[in-house]
Every structure is written in C-alpha cells, then in structure tokens.
Amino acid sequence: MAHETPAYRQEFKATHDSASGGTQEPWEFVLKLYTRHLGVKLPMAARPWCGIVVQDGANLILGLDKYQPMVGQQDGMDQAKAIAQTMERYNSYQPRQWDGGKDAEEFEAFKDYIPDMILHAVEGVREAFKHANMIEGEYQRWHNEPKVDVPIMLYQDYSGGGKQTDLKCKPPLRNPPKKDGTRSWRVPKVEGITPTAQQQMQQSVYRQATGEPPSLLFVSASGYYIADEDNCDLLKPEALDRAYADVVRSWQIKQNLLKAANGSWRNLAGLVQPDFNEIARRHGPSIVDVANQLWRF
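None of the values given here were measured: they were computed from a predicted structure.

Undergrad: Account for the packing of helix H4 (residues 79–90) against helix H6 (residues 114–128), naming residues and giving values.
TA: Orientation of H4 relative to H6, taken along the N-to-C sense of each, is 125 degrees, at an axis distance of 10 Å. Between H4 and H6, the angle falls in the class oblique. Of the two elements, H4 crosses H6, and the hand of that crossing is right-handed. Contacts between H4 and H6 involve Gln 79, Ile 83, Thr 86, Met 87 and Tyr 90 on the former and, on the latter, Ile 114, Pro 115, Ile 118 and Leu 119. Of the residues contributing to the contact of H4 with H6, the split by class is seven nonpolar, two polar and no charged.

Undergrad: Got a sec to walk through the pairing of strand E2 (residues 140–143)? Specific residues and values, please.
TA: Side chains Arg 141 and His 143 project from E2 onto a buried face, and the interleaved Gln 140 and Trp 142 project onto a face without burial. Relative to strand E3 (residues 152–155), E2 is paired through four bridges, and the arrangement is antiparallel. By the bridge assignment for E3, His 143 is matched with Ile 152.

Undergrad: Could you give me a rundown of the sheet that holds strand E8 (residues 216–220), with the residues and numbers involved?
TA: Spatially, E4-E5-E8-E9 is the arrangement adopted by the four strands of the open sheet, whose pairing is mixed. In this open sheet, the two edge strands, each paired with only one partner strand, are strand E4 (158–160) and strand E9 (223–227). With strand direction ignored, the average angle separating the axes of adjacent strands in the sheet is 20 degrees. Sheet analysis places strand E5 (residues 163–169) next to E8, joined by four bridges and oriented parallel. Looking at E8, one finds that Leu 167 is bridged to Leu 217.

Undergrad: Give me the lowdown on the packing of aromatic side chains, citing residues and values where you can.
TA: Counted by the stated rule, this structure contains nine aromatic pairs. Geometrically, the ring pair formed by Phe 12 and Trp 265 is edge-to-face, given 4.9 Å between the ring centres and 90 degrees between the ring planes. Pair noted here: Phe 12 is in the loop between helix H1 (7–10) and strand E1 (17–18) and Trp 265 is in helix H9 (residues 265–269), with a separation of 253 residues, a long-range link. Overall, the relative accessible area of 12% leaves Trp 265 in the buried class. Plain terms: the ring middles of Tyr 67 and Tyr 139 are 5.9 Å apart, the flat faces sit at 35 degrees to each other, and that makes the pair tilted. Pair noted here: Tyr 67 is in the loop between helix H3 (46–62) and H4 and Tyr 139 is in the loop between H6 and E2, with a separation of 72 residues, a long-range link. Three or more aromatic residues joined by ring pairs form one cluster here, namely Trp 49, Tyr 90, Tyr 93 and Phe 107.

The rules we used
Residues numbered from 1 in each chain as written. Predicted model: local features only at pLDDT ≥ 70, side-chain atom pairs only at ≥ 80, totals over all residues. Heavy atoms only, no water. Axes fitted to C-alpha atoms, helices over the stretch in contact; angles between N-to-C directions. Helix = DSSP H or I, 4+ residues; strand = E, 2+ residues; numbered from the N terminus. Parallel < 35°, antiparallel > 145°, perpendicular 65-115°, else oblique. Left-handed = near helix turned anticlockwise from the far one by under 90°. Contact = heavy atoms within 4.5 Å. Nonpolar A, V, L, I, M, F, W, Y, C, P; charged D, E, K, R; others polar. Buried < 20%, exposed > 50% of the residue type's maximum accessible area, 1.4 Å probe, protein only. Pairing = 2+ DSSP bridges. Phe/Tyr/Trp six-rings, centres within 6.5 Å; stacked < 30°, edge-to-face > 60°.

As structure tokens, then:
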C-alpha cells in the first residue's frame, strides 16, 4: 500500500501501525521497533508455535494454505496428509534453552494434542461459515484511521458471507509434578470462554476496518467454541466501540512518542519505562541485553 511516511517516523522505520500494535505497552512498542532496527528476531515459544501450526494444518484441509484473494479457496488436502505435514513443520522448532526446560517440556507434550486441535479448528471454521459460499483465508489488509498518520495493517484469520472469525488455540496446561517426577496435562474447556481485553481490542479493529461483525473461534483438544455478539457481551457493537476508542488512543500515544523523540533512539527510549522482568520472562537473556543497550543512560 503506497503511503508517504512522515519525516518523524523515518529514522525508526515506523511506516505503519497494526491491530496487534494497538494492544502493546509503550515499552514493548519501542523494544520491537529497536529489535527490528537491529535485525534481531524476538524468540518464539512452544505455546504460540502450537497455535501457528494448528492454523496451518486447518488451512491445508480447508484449501486456504498460502491464501491469495485473487485465487480464493482451493481444494483441501487429505486430513491424514495435512496432519503429517503439519507435524513435520511443528518438529522443526527448537525449544528455548534459558527457561529451565519449561518450553522444551511443553513442546514435547503438545505433540499428542495437535492433531485433535487441527480437526476441531476445521470443524469450527466450517460451522462459523456454513452459510458462506466461500471462505477467505488470511492475507494482509489495511485500515485508515483519521487520527493516525500511517496506515494500520491487519490480518484476519477467516472471513466470508459478511462475517469474520479469528482462531485462538488453547494448548494443554501442565499439572503439578507427581511424587515420581512425572507430570500430567489437562485440556482446557473452551465452552463459554470469555475473550481477553487484547482479543476484544483486536476484534474492534477488524470490525472498524471491514464493517463485518467479528467472532472468536476458541479451540482445544476437547472441542471448539465460537464467541460472537449473540453470546458474548464483549463482542457487542457498543462494547467494540469502546474498545476501538482505546486502541486509537494507544496508536496516538505511540505516534506522539515518535514525534517527541525527534528521530533519536536515545530520546525515544527516555520517554518510556521498560519492564525488564517482563522482557526477561517473554524473550530471554539475549533480548534483555538488547534492551539494556537501548535503555543505557
């Protein structure tokens, strides 16, 4: 999408904002800009990686893999083949080495549950769009918000027939260790689940950008649940209007930070207070080192 980036944003290469960016804390926004500036990737974790591959597997079966709007939905892959291909991709992940083995343990445990999660996701998408002629998959979209001077990027997971839904995966949760040191896992129940504030805010952007009522497809190995305006007060129009106002305020605050920084990383870092404990928990020691470099005064 052609758009002239304002001069105050150019040093930071902040050429756009995003639906997810509207839910970030200011320190997180600044840190992500800086890691991108350095070409440093933030580490993945087994839990979000599980959600990514579940959606990949569902898309293979639904004919939405590598979706392109000009091509549309294609014939889907056989379920067994799709699951095998998905598990091959899942196994390419290298667990974190700095969290005492927690990520590696989750990575191994999730393998037993991913096939069921994929099939429940497929069933849930088909239910959500049972009245649509075709289902659209994920691709890059843009939204213009008058109070923000760059375009807003968004990715909807699924849409069609005048509605949309976002897939939210719920991998198993660990139980406390037994006396012999082994551990069991419990599968979350998704029936009646309530969206988080971040999920509500993201859906408010999708609704504002497309005019389509949003929904959330929650999936675990036990089944699926679709939350929408008919069964969830947080997804009703008036609630989404309030959430969207919060998102716009968040975009504006970050816009003002960039303006006040006057093209200087030192100035930008000096305008926000980093949460080093949270940086360490989410991203590990290598990103803490990057953050220390950014906020060194």
